[in-house]
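Take a look at the letters that make up each chain.
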Amino acid sequence: FYELKARLFEAGGDIQQAADVIDTGRDLDHQDRYINNQTTKTFLRAGREEDAKKRIALFTREQGSPEQYLYDMQCAWYELELADLLRRKGDFGKSLRKFMAVVKHYEDYHEDQFDFHSYCLRKV
């Protein structure tokens, strides 16, 4: 219910209200990774970077920087949303770095495929 309500607010142009509504829904179940990720994404779209970092840190394993952990785990959706937020704020240097990190993730995926195929051929 809360996710639908938040989507309606977002479609209506009230992204701040959407972020508040989906966060209220997240408060009902603190163990739900999906709704936590949706809350984080909505906070980033609303320009509330600190709130988003707090929410996403709930599901990162390390006590250090959640951004570094998400980079290491190649979490592209978070980096894309954060890069878009930084672009909207006018911080083009950091935004470009985040966008390029996503490109690097996909290059790593591509290389990993070659490594996997050569491994399979060696094992045959």
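Relevant structure appears above.
Keep in mind the model is a prediction, meaning the values are calculated, not measured.

**Student:** Mind showing me how you'd approach the overall build of the protein here?
**Tutor:** The helix and strand inventory of the protein stands at 7 helices and 0 strands. Here the C-alpha atoms of the protein give a radius of gyration of 17 Å, more than 25% beyond the 14 Å that 2.2 N^0.38 yields for 124 residues. Scored against the burial criterion, the 124 residues of the protein give a buried share of 34%. Residue pairs at least 24 apart in sequence account for 44% of intrachain contacts in the protein once pairs closer than 6 positions are excluded. Here the protein has roughly 8100 Å² of accessible surface; of this, 54% comes from carbon and sulfur atoms.

**Student:** What's the story with the packing of aromatic side chains in this structure? I'm lost.
**Tutor:** Aromatic ring pairs are defined here through the distance separating the ring centres and the angle between the ring planes. Summed over all chains, the structure comprises 3 aromatic pairs. An angle of 75° between the planes, with centres 5.5 Å apart, marks the rings of Phe1 and Tyr2 as edge-to-face. Looking at Phe1, the relative accessible area reads 70%, which means it is exposed. Both rings, one in Tyr106 and one in Tyr109, keep their centres 5.0 Å apart while their planes meet at 80°; by these two values the pair is edge-to-face. Of this pair, Tyr106 and Tyr109 are both found in helix α7 (residues 92–123), 3 residues apart, which corresponds to roughly one turn of the helix. By relative accessible area, which is 48% here, Tyr106 ends up partly exposed.

**Student:** Just to check I follow, could you spell out the nonpolar core for this structure?
**Tutor:** A general feature of soluble globular proteins is that nonpolar side chains tend to end up buried together. Counting residues in hydrophobic clusters, the biggest one holds 13 residues, and the most contacted among them are Leu44, Leu70, Tyr78 and Leu82. Breaking this core down by element, the ones donating at least two residues are α2 (15–28), α3 (33–45), α4 (49–57) and α6 (76–89). Per-element tally for this core: the top contributor is α6, with 4 residues. Core analysis: the second largest hydrophobic core is formed by 5 residues, Ala6, Ala18, Ile22 and Ile35 among them.

**Student:** Would you take a moment to explain the side chain of Arg26 for this structure?
**Tutor:** Among the structural elements, Arg26 can be located in helix α2. Judged by relative accessible area, which is 5%, Arg26 ranks as buried.

**Student:** Which parts of the structure should I look at to understand the pattern of salt bridges?
**Tutor:** A side chain with one charge can pair with a side chain of the opposite charge if their charged atoms come near. By the definition in use, this model includes 11 salt bridges. Taking the shortest distance from any N to any O, the salt bridge between Asp51 and Arg48 comes out at 3.2 Å. Overall, Asp51 belongs to the partly exposed group, its relative accessible area being 23%. Accessibility expressed as a relative area gives 21% for Arg48, which makes it partly exposed. In this structure, Asp84 and Arg88 form a salt bridge, with 3.0 Å as the shortest nitrogen-oxygen distance. One end of the pair is Asp84 and the other is Arg88, both in helix α6 and 4 residues apart, which spans about a single turn. When its relative accessible area of 22% is taken as the criterion, Asp84 is described as partly exposed. In this structure Arg88 comes out as partly exposed when scored by relative accessible area, which is 39%. Because the salt bridges share partners, they merge into one network encompassing Asp20, Arg48 and Asp51.

Conventions adopted
- Residues numbered from 1 in each chain as written.
- Predicted model: local features only at pLDDT ≥ 70, side-chain atom pairs only at ≥ 80, totals over all residues.
- Heavy atoms only, no water.
- Helix = DSSP H or I, 4+ residues; strand = E, 2+ residues; numbered from the N terminus.
- Rg over C-alpha atoms; globule rule 2.2 N^0.38 Å.
- Buried < 20%, exposed > 50% of the residue type's maximum accessible area, 1.4 Å probe, protein only.
- Contact = heavy atoms within 4.5 Å.
- Areas by Shrake-Rupley, 256 points an atom, 1.4 Å probe, with all protein chains shown as cover.
- Phe/Tyr/Trp six-rings, centres within 6.5 Å; stacked < 30°, edge-to-face > 60°.
- Core = buried A, V, L, I, M, F, W, Y, C linked by side-chain atoms within 4.5 Å.
- Salt bridge = Lys/Arg side-chain N within 4 Å of Asp/Glu carboxyl O.

It is worth stressing that arrangement in space is one thing and function is another; only the former is reported here.
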